[in-house]
Amino acid sequence: FREVLEASLIIGILYTYLKKSNNEDSLKMVWSGVGAAIIASIFISIIFQIFAQGLEGNAAKIFEGVVMIIASIVLTTMIIWMARNKNISEDLKNKAKEAISSGFKYGIFTLAFVAVFREGIEIILLLWGAGKDGINVITSIIGAFLGLAGGYAIFVQGVKVPLQKFFNITSTLLIFVAAGMLTYGVHELESGGVIPYVGGSTKVEYNEIIAT
């Protein structure tokens, strides 16, 4: 829900700016960027799943560990970025203005593509990490549609939502999710023999005591 809402808000800002600045001819580039990003995200997701399912034993553990740690870093970086950039709307409008004034045909396309594709990658990492033992597809789809509905309500219907408060609360929750992913990632790397098990000696001593 949050990732799709973020993407829809960014596209909504771009769409509104282009409409108000009489650059409606660039709207096709926005939707082309969105479509390309969705297709690219689905493609990356399929490749990711095929590769992950083809691994076994320690290779699978190492892969899971690395992905978990990367996911935790991506989530944490996103949270910090949002906390530091209080005026994302103005920043995005300035980038759109620069893209139009530069005369680069695919400037707006690139802005829309990067915005949606970034959220797509975050969704892949987040769902794979959080849903290690299985993902409820129905609730995921519901969350995505609610995110789209939220973006539509804000930009088309003009519904006022305390977004800052919403993102502050969800960011706090995501910090715990990121911490859990990092912990699990380290555990998998320990199981895969990449890094030493911190409690290894204690565990051996305990087993020896029990055996005695």
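Residues numbered from 1 in each chain as written. Predicted model: local features only at pLDDT ≥ 70, side-chain atom pairs only at ≥ 80, totals over all residues. Heavy atoms only, no water.

**Quick notes on the overall build of the chain**
Then, in step 1: Looking only at helices and strands, the chain features eight helices and zero strands.
Then, in step 2: Of the regular secondary structure in the chain, the N- to C-terminal order runs α-α-α-α-α-α-α-α.
Then, in step 3: At a minimum sequence separation of 6, the contacts of the chain that also span at least 24 residues come to 80%.
Then, in step 4: Carbon and sulfur atoms provide 67% of the accessible area of the chain, an area that totals close to 13,100 Å². (Helix = DSSP H or I, 4+ residues; strand = E, 2+ residues; numbered from the N terminus. Contact = heavy atoms within 4.5 Å. Areas by Shrake-Rupley, 256 points an atom, 1.4 Å probe, with all protein chains shown as cover.)

**Points about a nonpolar patch on the surface**
Then, in step 1: A contiguous nonpolar patch, built from I38, I42, F43, I44, I46, I47 and I50 and spanning about 650 Å² of accessible area, is present on the exposed surface.
Then, in step 2: Secondary-structure assignment places I46 in helix α2 (residues 27–53).
Then, in step 3: The class of I46 is partly exposed, set by a relative accessible area of 45%. (Patch = residues over 30% accessible without salt bridge, like charges linked within 9 Å, V, L, I, M, F, W, Y side chains within 5 Å. Salt bridge = Lys/Arg side-chain N within 4 Å of Asp/Glu carboxyl O. Buried < 20%, exposed > 50% of the residue type's maximum accessible area, 1.4 Å probe, protein only.)

**What to know about the nonpolar core**
Then, in step 1: Grouped together as the largest cluster of nonpolar side chains are 21 residues, with contacts concentrated most on L75 and W128.
Then, in step 2: Contributions of two or more residues to this core are made by α1 (2–20), α2, α3 (57–84), α5 (107–130) and α7 (163–191).
Then, in step 3: Element by element, the count of residues in this core is highest for α3, at eight residues.
Then, in step 4: One finds I11, L14, V30 and A99 within the second-largest nonpolar core, a separate group that totals 20 residues. (Core = buried A, V, L, I, M, F, W, Y, C linked by side-chain atoms within 4.5 Å.)

**Re the pattern of salt bridges**
Then, in step 1: Following the criterion strictly, the structure yields three salt bridges and no others.
Then, in step 2: A salt bridge links K93 to E90; its shortest N-O distance comes to 4.0 Å. Remark: E90 and K93 occur in helix α4 (residues 88–101); sequence separation between them is three residues, near one turn of the helix.
Then, in step 3: In this structure E90 comes out as partly exposed when scored by relative accessible area, which is 38%.
Then, in step 4: For E119, the salt bridge identified is with R118, shortest N-O distance 3.6 Å.

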